[in-house]
Amino acid sequence: MPAATARRQSRTKIHDKIQELSWNPTFATPVDKYPTDYTFEKAPKKDPMKQVLRSYFPMEEEKDQRVFGAMDGAVRGNMFRHVQQRWMEWQKLFLSIIPFPEISAARAMPLAINAVPNPEVHNGLAVQMIDEVRHSTIQMNLKRLYMNHYIDPAGFDITEKAFSNCYAGTIGRQFGEGFITGDAITAADIYLTIVAETAFTNTLFVAMPSEAAANGDYLLPTVFHSVQSDESRHISNGYSIILMALADERNRELLARDLRYAWWNNHAVVDAAIGTFIEYGTKDRRKDRESYAEAWRRWIYDDYYRSYLMPLEKYGLEVPHDLVEEAWNRIWNKGYIHEVAQFFATGWPVNYWRIDPMTDEDFEWFEHKYPGWYDKYGKWWENYSRLRHPNGHGPIAFEDVNYQYPHRCWTCMVPCLIREDLVVDKVDDQWRTYCSETCRWTDKVAFRPEYKGRDTPSMGRLTGKREWETLYHNWDLADIQKDLGYVRDDGKTLIPQPHMDLDDPKKLWTLDDCKGYPFPSPNIMLNEMSDQEREEFATQYKAGGPGGRYAGRA
Amino acid sequence: MADTLSPAQTPTQTPTGRVRSVPRLVFTDAEAGALEFPSSNSRSFNYFKPQRLKATMYEDVTVDVQPDPARYLTQNWVYGFAKAPGGYPTEWTAAKSSDWHWFRDPNQEWEQTIYKNNARLVRQVEQNIANARNEGAFERWSPGWSRIVAWHVGAWMHPEHGLGMHVFLPAQRDAPTNMINNAISVNSMHKLRIAQDLALFNLEASEARSDFDGKAHLEAWNDDPVWQPVRENAEKLTAIRDWLEAVVAANLAFEPLVGELFRGGYVMATAAANGDFVTPSIMGVAESDLERDLGYTKDLIGGLTSDQEHGRQNIELVGEWLSRWIPESLAAARSLAPVFSEAENSPVTFEDTLSRARERVRAILGELEIPTPKELDQ
Ligand SMILES: [Fe+2]
Ligand SMILES: [Fe+2]
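Residues numbered from 1 in each chain as written. Chains lettered and ligands numbered in written order. Predicted model: local features only at pLDDT ≥ 70, side-chain atom pairs only at ≥ 80, totals over all residues. Heavy atoms only, no water.

**Some words on the pairing of strand β1 (residues 423–427) of chain A**
Two faces make up the sheet, and in a regular strand the side chains alternate between them.
Then comes step 1: Burial of the side chains of β1(A) is restricted to one face: A:V423, A:D425 and A:V427 are buried, whereas none of A:V424 and A:K426 on the reverse face is.
Then comes step 2: Linking β1(A) back to strand β2 (residues 430–434) of chain A in an antiparallel pair, the connection comprises two residues, with A:D428 at a positive phi of about 50°. (Buried < 20%, exposed > 50% of the residue type's maximum accessible area, 1.4 Å probe, protein only. Helix = DSSP H or I, 4+ residues; strand = E, 2+ residues; numbered from the N terminus. Pairing = 2+ DSSP bridges.)

Next up, the structure:
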């Protein structure tokens, strides 16, 4: 049949023809399900990247075949004899989170389609919808394969449940819920496409895979590069919409607000997670391998901020230069990623993955890449290693290692780890802590029905039981673990462990080892304080750190 | 076990003597079965109950990916709408379920099935069109039939597109579980795909025949009185807020009464009599899509109408919806009556075709044990 299929209609004609499909309804119009405060009355026609389903489906099918071929090959080639446990354990967290943002992106597409009246962009968004179904299920399948073939399936086996009830899952869940809820353009265009996809998928889908490969896992790169290859179309969808939004001056204030919120929240959440996976989940300590900070500088600062965002200034976009610089400042000078990794490790008893102690070789690498690292974090990691096996002592969070358990940020839900940046404020009749002024602003100013004197009736709300510890205020640690279901199939050994040693049952922590440790909620305690106590607490907290040390203690 | 070599400690010397900095494989023995310890054999997702004894691939990659405060989501949704809760509120449909998570897509759609099926179908359509072109099939159409393809078959691309883009695509945001939303998202792609196929077929015909007016479909859809009730029906479907009502109105009323009536009942039957073998092959693909889409729709509705707690109420509700939407679709169908006698060879009558369409609805509702609304016979 080659002759028959050889002749193809010209691309331009095809695309013009496909534009004939939509029409202006006169009997009834699509229901306004998802409100927005943006206006697109004056939006110019903007053609995003064109997509014809006739070529799209076979193209993706071919990509799939390569992915499935690689999966078969990995299993037959015994890939898991070479993967690093330190790396795979973090995949229990990462792969529990990421299918949800993917599927949320699919669900976000009608928000954008409904908000933007121009049919030219609708096709691209519809194709993105099914792309995202692809991404979500292909990633679930990868995780399923890990569960089946990796030495320790515990944590993979409870994956979606654990994602739902763990503090870390909730942090990650913003990167997903933020796409589908609230003002349609804030959610589906600015937060999802302009920031999450355009800026942060670079670290997610490019930096993560290369680190995976360095740790013996070449399946994650295969799957995520296949996912990433759909991303340029999505970025183009978002770009068309933001240009259309910029054409109407009434949108500019909202764009400025949303970009500040979305940038900062993405930084707080994605850099926390991916930064930790890449820096603390790797065994690759070659001095010339790129650190997360270096990758960030290249992908996010240079490629995204300077080459993508800044050129939009001439169309009237207010770029949050200060927040880009401050994100870098947090990563480079304030140890953001190290503080987060230390917190994850402190919280190991309520995780559903194991965290490997750092060794001398790791110390050396950190000191090389982040000069001054040892003075801030070295001692604590030595303690972590010392306390890794149960031996009559408690988990590290309950031992005196000069680590003050942090308060959560009400907005980004990552704890307030950079102690000097803590902000305490009373919002909605509750004392809340924030990791930064921008997170306070997000809650108190941005996510409100009024902004700078104008009505913003469509803007979303921050909801839910945002401080995880509140759920378990003063519960016994072992009861919390049981309630979470983070227990292995013998009914007593924990899924989380602060080490990689599966060879000796005596080295594995059990529920019994965690009995007798009450776990209080910092936020409840904060709200029980008198005004004076609260002020003293804040002063003391802000004088603490780095590495979580108490104020006045070296 | 604990102290495996790191990639940095392994040799980086190449056989040529050139030193390259690359991570090297190290033996970690981290494969399944290397050790026995608690949960070392826990190799299935254990947080949901599979429909059968063992979870299918589809279930593994679909169930619980969209979390639910009624299951494990202890901190609840962390974003809300201005005036409504966030996430996936069950209130977005009037239907009720004692457990929305029971539903499984009978088509078991996930990444691999979606792309395999749709790629197969676009290839099939392209191949049929290519064969027709090579055999000069377009040129053999009579001028009268050619006008029908340009005008009526052309018009049909619009409802397919409208339903895909503005009925099913928004509905897949709204259902309370991932299983339901994914099934609806695949339905949306079927519609969009067939709409594009019809548009490109139309382009092909206009290139093959000088008398084929490639823009006629726009006039037919926007102005021809024969098509206005169909357009009205399609547009009204886009205005439904309740996601399940939209799916019911589209798949249980519009599709059998208008979609199948036109695609299968009219085009497929009439085209052959007029020497056209290619148009029916495209419509046939749409018909087989519908079988899949009806499959999930029937399972979904059937589960709700047989719900222990809310079954009776759901039967009534679906009945009300159908009483509202069947008359719309019957009116749309009736307006197409003149089309049935337009071709030189008209082997089927409108009344027979409409009776069959009604029977089809009756049969579907019978399967679901939903009383046939009296409006179907009016
Ligand atoms: Fe994606
Ligand atoms: Fe924060």
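**Here we look at the nonpolar core**
Then comes step 1: Counting residues in each nonpolar core, the largest one holds 320 residues, and the members touching the most others are A:F94, A:W263, A:W296, A:W381, B:W227 and B:W243.
Then comes step 2: Each residue touching A:F94, except ones within four places of it in the same chain, is listed here: A:L204, A:M208, A:L220, A:F224, A:I274 and A:F277. (Core = buried A, V, L, I, M, F, W, Y, C linked by side-chain atoms within 4.5 Å. Contact = heavy atoms within 4.5 Å.)

**Some details on the layout of surface pockets**
Then comes step 1: Each pocket or cavity is described by its volume, and for the largest pocket that value is around 640 Å³.
Then comes step 2: Lining the largest pocket are 27 residues, with A:P30, A:N114, A:V116, A:P117 and A:H122 positioned closest to its centre.
Then comes step 3: Within the residue set of the lining of the largest pocket, elements represented by two or more residues are α5 (99–115) and α6 (119–149) of chain A together with α4 (143–171) and α7 (228–238) of chain B.
Then comes step 4: Residue classes in the lining of the largest pocket are distributed as 13 nonpolar, eleven polar and three charged.
Then comes step 5: Within this model, the second largest pocket holds a volume of roughly 370 Å³.
Then comes step 6: Listed by contribution, the elements that provide at least two residues to the lining of the second largest pocket are β7 (518–519) and α20 (522–528) of chain A.
Then comes step 7: Considering only residue class, the lining of the second largest pocket consists of 16 nonpolar, five polar and two charged. (1 Å grid on protein atoms, 1.4 Å probe; cavity = no way out; pocket = protein on both sides within 12 Å on 5 of 7 lines; lining within 4 Å. Points joined across faces, edges and corners; volume = space filled by probe spheres on them. Nonpolar A, V, L, I, M, F, W, Y, C, P; charged D, E, K, R; others polar.)

**Topic: the confidence of the model for chain B**
Interpreting fine coordinate detail is not advised for predicted regions of low pLDDT.
Then comes step 1: Looking at chain B as a whole, its pLDDT mean stands at 94, while 95% of the residues score no less than 70.
Then comes step 2: Overall fold confidence for the complex sits at a pTM of 0.96, while the interface term, ipTM, reaches 0.96. (pLDDT = per-residue confidence, 0-100.)

**Digging into the packing of aromatic side chains**
Then comes step 1: Enumeration according to the criterion identifies 74 aromatic pairs over all chains in this entry.
Then comes step 2: Ring geometry for A:Y56 against A:F57: centres 5.2 Å apart, planes inclined by 65°, an arrangement best described as edge-to-face. In terms of burial, A:Y56 and A:F57 fall into one category: buried.
Then comes step 3: Residues A:W365 and A:F366 carry aromatic rings whose centres are separated by 5.4 Å and whose planes lie at 75° to one another, so their mutual orientation is edge-to-face. The residues A:W365 and A:F366 share a single accessibility class, namely buried.
Then comes step 4: Looking at B:R147, its charged tip hangs above the ring of B:W151, at a distance of 5.0 Å from the centre.
Then comes step 5: Lying across the ring of B:Y88, B:R173 places its NZ or CZ 4.7 Å from the centre. (Phe/Tyr/Trp six-rings, centres within 6.5 Å; stacked < 30°, edge-to-face > 60°. Lys NZ or Arg CZ within 6 Å of the ring centre and 35° of its normal.)

**A closer look at the coordination of the iron ion (ligand 1)**
Residue and element names in this part refer to chain A.
Then comes step 1: Within the first shell, the iron ion (ligand 1) binds the protein through E102 (OE), E132 (OE) and H135 (ND1), at distances of 2.1 to 2.2 Å.
Then comes step 2: Within one chain, the residues serving as donors to the iron ion (ligand 1) are arranged as E-x29-E-x2-H. A residue pair is termed a helical-turn pair when its members lie 3 or 4 positions apart in one helix, as E132 and H135 do in helix α6 at three residues.
Then comes step 3: Assessed through its relative accessible area of 0%, H135 is described here as buried. (Donors = N, O, S within 2.8 Å, 3.2 Å for Na, K, Ca; no water.)

**Quick look at helix α11 (residues 231–246) of chain A**
Then comes step 1: With 16 residues, α11(A) extends 23 Å between its outermost C-alpha atoms, agreeing within 8% with the 22 Å of an ideal straight helix rising 1.5 Å per residue.
Then comes step 2: Burial within α11(A) is extensive, with 13 of its 16 residues counted as buried. (Expected span 1.5 Å × (residues − 1).)

**Structural notes on the coordination of the iron ion (ligand 2)**
Residue and element names in this part refer to chain A.
Then comes step 1: Coordination sphere of the iron ion (ligand 2), protein contribution only: C409 (SG), C412 (SG), C435 (SG) and C439 (SG), at 2.3 to 2.4 Å.
Then comes step 2: Taken together, the four donor atoms coordinating the iron ion (ligand 2) span angles of 104 to 118° at the metal, a pattern that classifies the geometry as tetrahedral.
Then comes step 3: Counting gaps between the donor residues of the iron ion (ligand 2) yields the pattern C-x2-C-x22-C-x3-C. Linking C412 in the loop between α17 (373–386) and β1 with C435 in the loop between β2 and α18 (437–446), this pair joins segments that are 23 residues apart in sequence. Residue C412 shares its accessibility class with C435, and that shared class is buried. (Tetrahedral: all angles 85-135°; square planar, octahedral: opposite > 155°, others 65-115°.)

**Let's talk about the environment of B:G154**
Residues and elements named next belong to chain B.
Then comes step 1: Along the chain, the position of G154 falls in helix α4.
Then comes step 2: Counting along the chain gives 67 residues from G154 to G87, while the straight-line C-alpha distance between them is 39 Å.
Then comes step 3: The residues contacting G154, other than those within four sequence positions of it, are V149, N202 and H217.

**Describing the packing of helix α8 (residues 243–273) of chain B against helix α9 (residues 278–305) of chain B**
Residues and elements named next belong to chain B.
Then comes step 1: With their axes 10 Å apart at the nearest point, α8 and α9 run at an angle of 150° to one another. Between α8 and α9, the angle falls in the class roughly antiparallel. Crossing hand, α8 versus α9: left-handed.
Then comes step 2: Tallied by class, residues from the contact of α8 with α9 come to 18 nonpolar, six polar and six charged. (Axes fitted to C-alpha atoms, helices over the stretch in contact; angles between N-to-C directions. Parallel < 35°, antiparallel > 145°, perpendicular 65-115°, else oblique. Left-handed = near helix turned anticlockwise from the far one by under 90°.)

**Some remarks on the pattern of salt bridges**
Pairs may arise between side chains of opposite charge once their charged atoms sit close together.
All names here are of chain B.
Then comes step 1: Applying the stated criterion across every chain, the model contains 79 salt bridges over all chains.
Then comes step 2: Close ionic contact of R292 with E109 constitutes a salt bridge, the shortest N to O distance being 3.0 Å. Highlighted residues: R292 in helix α9 and E109 in the loop between β1 (79–80) and α2 (111–134), separated in sequence by 183 residues.
Then comes step 3: In this structure R292 comes out as partly exposed when scored by relative accessible area, which is 23%.
Then comes step 4: By relative accessible area, E109 is classed as buried at 4%. (Salt bridge = Lys/Arg side-chain N within 4 Å of Asp/Glu carboxyl O.)

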